[in-house]
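Below, each chain spelled out in residue letters.
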Amino acid sequence: MNRYVDIYTNILPTMDTVGNGAPTQEQAVRRLAQSEQNCIKTVIAAPLYTPETYASPDEFFEKRREICLALNAESAKLAHPVRVQEGVILQYSSDLLRLGDKLKRFSLADSRYMLLDLPIGHLDANFYDDMTKLQVVTGLTP
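Calculation rules
Residues numbered from 1 in each chain as written. Predicted model: local features only at pLDDT ≥ 70, side-chain atom pairs only at ≥ 80, totals over all residues. Heavy atoms only, no water. Pairing = 2+ DSSP bridges. Helix = DSSP H or I, 4+ residues; strand = E, 2+ residues; numbered from the N terminus. Axes fitted to C-alpha atoms, helices over the stretch in contact; angles between N-to-C directions. Contact = heavy atoms within 4.5 Å. Phe/Tyr/Trp six-rings, centres within 6.5 Å; stacked < 30°, edge-to-face > 60°. Buried < 20%, exposed > 50% of the residue type's maximum accessible area, 1.4 Å probe, protein only.

K.L.:
Give me the lowdown on the sheet that holds strand β1 (residues 4–9), citing residues and values where you can.
P.N.:
The three strands lie next to each other as β1-β2-β4, forming an open sheet whose pairing is parallel. Across the chains shown, the open sheet's two edge strands, defined by having one partner strand only, are β1 and β4 (83–86). Geometrically, the sheet is characterised by an average inter-axis angle of 25° between neighbouring strands, direction not taken into account. As defined by bridge partners, strand β2 (residues 40–45) adjoins β4 across four bridges and the pair is classed as parallel. In the sheet register, V43 faces β4, and the bridge partner there is V84. Along the sheet, helix α2 (residues 57–75) contacts β2 and β4; its crossing angle with β4, the most-contacted strand, is approximately 170°.

Written out as structure tokens, the structure reads:
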């Protein structure tokens, strides 16, 4: 039987995603069990990173890592454990490129992809230029 990957999962207790509150620990464990029942083998936990919420990106990454480790320990109790990998949603802003090579830390599960929360409405030419520059500078595909 094939098993699937969910790349945008709101599963980390105390860490919000875009437009959704963070689940409780009990809800997160239930979501792991539901993922197992739905033949999902890997979930990429994708909380929203906002600079206003965390003292530094390092604080965000450390918190995310600790929660993912705890959920993987819970998942190990399942008949078909669901692997919880680290991801992130990064809000797009025109100054995003100032992070340069540091943007690589914002990839989905150490891949060459990243999730961006885009502004509502029209995207101007600067946005498309920024996306091209982001790919050239980091090697990541938004």
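K.L.:
Residues and numbers for the packing of aromatic side chains, please.
P.N.:
To describe a pair of aromatic rings, you give the distance between the ring centres and the angle between the ring planes. Under the defined criterion, the tally for this structure stands at eight aromatic pairs. Taking 5.1 Å as the distance between ring centres and 80° as the angle between the ring planes, the aromatic pair formed by F127 and Y128 counts as edge-to-face. Given the relative accessible area of 7%, F127 is considered buried. Overall, Y128 belongs to the partly exposed group, its relative accessible area being 47%.

K.L.:
I'd like a description of unusual backbone geometry, backed by residues and values.
P.N.:
With a phi angle near 70°, T14 is a residue other than glycine that sits in the positive phi range. Note on placement: T14 falls in the loop between β1 and α1 (25–37). In this structure, C39 takes a positive phi of about 60° despite not being glycine.

Function-wise, these values are silent; they only describe arrangement.
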